[in-house]
Amino acid sequence: MLNKYYLTTAIDYVNGAPHIGHAYEKILTDIIARHYSLRTDNMFFLTGTDEHGIKIQKTAASQGITPKQLCDENAQKFKDAWAKLDIKYNRFIRTTDKDHEQIVQKIFQKLKDKGAIYKHEYEGWYCQGCECFLNPKDLTEDGLCPDHLKKPDVVKEENYFFKLTDYKDAIIKHIKEHPDFIVPSFRANEVLNQLEDIQDISVSRSKENVGWGIDILDDSEQSIYVWIDALSNYITAIGYDPDGSSEQFKNLWPVDVHVIGKDILKFHAIYWPAILMALDLPLPKHIFAHGWITIDETKMSKSLGNVVSPTSVLENFELKYPDAFRYYMATSAPCGRDGNYSDQDFKEKVNAHLANSMGNLLNRSLSMLVKYFDGEIKPEFIENRSQEAESLLKTAIGTIKIVENHFNHFEIQEAAQEIISLVDATNKFVTDNAPWTLAKEEKMTQCGQVLATVLEIMCVISSLIYPYCPNIATDMAKQLSYDVATKYDDITVSNIKAGKLITKEEIFPVFLRVDSELADKSKK
Ligand code: MSP
């Protein structure tokens, strides 16, 4: 058992409603969180929204409402979407939360008092999409931001600057000495390249230009630049205070993993470590940069009109639970690579994996137990099992360790593949041993042993699939009289006990095939 696990997502900008890309990250993180909740009693999952900055200020103005109104409306949309996707966080931080704002002011002051922040007259190219100044050499040939393809604003201001360059060598050293600091490791080289020509960064904006920000304590003309505000959420949310932090903070920091998208790796792997070093705090253990989700292999964009809302998928397919969508998203790409969403692929994959392979396996095994044994496990079914059964049970327990190891490396798709392989091996075991033939031949003990072995493995499978599909796993466990909250360390192969397990009436399918006609009809 681990003594704690603390993990975070990026906090989303609230100038619009959540889309499937935001959902992808929250689902991945929720799956990691649920996995670790079975490996420690002390897991903390933080998510939230990033609410200050020029973009929010302008969007609100264009809608004729105050920035706070816009934030309240949209933050609620994020919370509602996460509730529908069963994202079970411990705190939802908003950067407009009072406790956050006060500590960010103290953090800024501490950095200033330490000399890590200084004032400087500056002229540069500011991209509103990135909410940061761009290096002229990074602009496209037409002078546009390469990510947002928009012309940055020319901004000439006296701002506060953070001495990022002071930390350059220490960060390079840290990355080189900790090969698992940046996950996947192929992204570490990108960061090392970016470090080559870093400069000090602007950490404030004039209030005249950006009114919607946190005030600086002793300077009424400047407000704190969004990235210092945003990144600090990871420590303010759990009680960091320069004047004395909470027990919770002492207990949880350093964070085990920041889950973020590849586009904001620079902020997390360069800016954030430098700020933490300046605050004399230990660095995150891992920064996991996931890839991006495209729709039907096309980049999502408002102008193409292909932005998919995560909850619309649940509605279109009339899904009772979000489990199938969670499973599909989490397995859409190998660790750190880009993934894709398509309706067709979604239907095929979840029908094949969750309905045909996993759901059916449980359903037909329980049905046979009822048909041949009136739902009862006889003592001889769980004794003296065949070599083949023992070996499969061993594989099942071995799969727990393999899955844990994948999660240690944030290989969420890869872990799911192992679980489905175990399902496939168990299906093969049923086909090879044909319990229906054994029953016909009146080899009842053998038949019961095959079924009990399968049900035993289904307990392990319900535990393993739980982080991805919490509702399906709970429904599986219910029919097996198994506790799906069993910690991974405590899982054995003696979950199935002798006695009556189930009646015909208590059996139900855990996942119904996604009906393509139904989905198509509801879209019209
Ligand atoms: N507010 C900043 C993050 C601050 S973290 C201290 C931000 N917000 S965002 O709303 O633009 O993005 C939030 C997260 O969603 C980021 O990790 C980003 O990579 C992710 N995604 C946004 N679009 C995405 C896809 N199409 N696919 C996958 N993830 C994407 O950046």
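Data block above holds the structure.
Residues numbered from 1 in each chain as written. Predicted model: local features only at pLDDT ≥ 70, side-chain atom pairs only at ≥ 80, totals over all residues. Heavy atoms only, no water.

Chemist: Describe the pattern of salt bridges, with residues and values.
Modeler: Inspection of every chain in the model, using the stated rule, returns 33 salt bridges. With a shortest N-O distance of 3.2 Å, glutamate 157 and arginine 205 are connected by a salt bridge. Here glutamate 157, found in strand S7 (residues 153-162), pairs with arginine 205, found in strand S10 (residues 204-206); they are 48 residues apart in sequence, far enough to count as distant. (Salt bridge = Lys/Arg side-chain N within 4 Å of Asp/Glu carboxyl O. Helix = DSSP H or I, 4+ residues; strand = E, 2+ residues; numbered from the N terminus.)

Chemist: Can you lay out the packing of helix H2 (residues 54-63) against helix H3 (residues 67-84) for me, pointing to particular residues and giving the numbers?
Modeler: Look at H2 against H3: their axes get within 8 Å of each other, and the N-to-C directions meet at 95°. Considering the angle they form, H2 stands roughly perpendicular to H3. On H3, the residues touching Ile56, Gln57, Thr59, Ala60 and Gln63 of H2 are Pro67, Leu70 and Cys71. Here the residues of the contact of H2 with H3 sort into 5 nonpolar, 3 polar and no charged. (Axes fitted to C-alpha atoms, helices over the stretch in contact; angles between N-to-C directions. Parallel < 35°, antiparallel > 145°, perpendicular 65-115°, else oblique. Contact = heavy atoms within 4.5 Å. Nonpolar A, V, L, I, M, F, W, Y, C, P; charged D, E, K, R; others polar.)

Chemist: Let's hear about the sheet that holds strand S9 (residues 201-202): which residues, and what values?
Modeler: Strands sit in the order S6-S5-S7-S9 across an open sheet of 4 strands; the sheet is antiparallel. Whereas interior strands pair on both sides, the edge strands pair on one side only; in this sheet they are strand S6 (132-134) and S9. The pairing of strand S5 (residues 117-127) with S6 spans 3 bridges and is antiparallel. When the sheet's bridge partners are listed, tyrosine 126 is paired in S6 with phenylalanine 133. (Pairing = 2+ DSSP bridges.)

Chemist: Can you tell me about helix H14 (residues 387-408), naming the residues and giving the values?
Modeler: Here H14 is 22 residues long and its end C-alpha atoms lie 32 Å apart, about the 32 Å a rise of 1.5 Å per residue gives. When we look at burial in H14, the residues that qualify are Ala389, Leu392, Leu393, Ala396, Thr399, Ile400, Val403, Glu404, His406 and Phe407. The inward-facing, buried residues of H14 abut helix H1 (20-37), helix H15 (412-433) and helix H17 (444-465). Just downstream of H14 lies phenylalanine 410, where phi reads positive at about 60°. (Expected span 1.5 Å × (residues − 1). Buried < 20%, exposed > 50% of the residue type's maximum accessible area, 1.4 Å probe, protein only.)

Chemist: Pulling in residues and values, what's your account of the packing of aromatic side chains?
Modeler: One pass over the full model with this rule turns up 27 aromatic pairs. When the centroid spacing of 4.7 Å and the interplanar angle of 65° are considered together, the rings of phenylalanine 373 and phenylalanine 381 count as edge-to-face. Judged by its relative accessible area of 7%, phenylalanine 373 falls in the buried class. Judged by its relative accessible area of 1%, phenylalanine 381 is buried. (Phe/Tyr/Trp six-rings, centres within 6.5 Å; stacked < 30°, edge-to-face > 60°.)

Chemist: Please set out the site of the ligand residue by residue, giving values where relevant.
Modeler: Residues in contact with the ligand amount to 23 residues; listed here are only the nearest, Ile11, Glu25, Asp50, Asp263 and Ile293. Taking glutamate 25, its side chain carries an N or O atom lying 2.5 Å from an oxygen atom of the ligand. Glycine 261 places a polar main-chain atom, nitrogen or oxygen, 2.9 Å from an oxygen atom of the ligand. Among the elements of the structure, strand S2 (12-13), H1, helix H7 (226-231) and strand S13 (257-261) are those that each provide at least two residues to the shell around the ligand. (Near = heavy atom within 4 Å. Polar contact = N/O pair within 3.5 Å; in protein donor to acceptor, adjacent residues only side chain to side chain.)

Chemist: Just give me the short version of the pairing of strand S1 (residues 5-9), but keep the residues and values in it.
Modeler: Among the 5 residues of S1, 5 are classified as buried, and the element is accordingly described as predominantly covered. Side chains of S1 alternate between two faces, with Tyr5, Leu7 and Thr9 and Tyr6 and Thr8 buried alike. Pairing of S1 with strand S3 (residues 43-50) involves 4 bridges; the strand directions are parallel. Within S3, the position partnered with tyrosine 5 by the bridge is methionine 43. Relative to S13, S1 is paired through 3 bridges, and the arrangement is parallel. Paired with threonine 9 across the two strands is valine 259, which belongs to S13.

Chemist: Let's hear about the packing of H14 against H17: which residues, and what values?
Modeler: As a packed pair, H14 and H17 sit with axes 10 Å apart at the nearest point and diverge in direction by 5°. Comparing their axes, H17 and H14 come out roughly parallel. For the pair H14 and H17, the contacting residues are Ala389, Leu392, Leu393, Ala396, Thr399, Ile400 and Val403 in the first and Thr453, Glu456, Ile457, Val460 and Leu464 in the second. Considering only residue class, the contact of H14 with H17 consists of 9 nonpolar, 2 polar and 1 charged.

Chemist: Before we move on, can you summarise H2 with the specific residues and values?
Modeler: Among the residues making up H2, those that are buried are Ile54, Lys55, Ile56, Thr59 and Ala60. Turning to H2, the residues buried within the fold contact S2, S3, H3 and S5. Just past H2, the residue glycine 64 takes up positive phi, approximately 70°.

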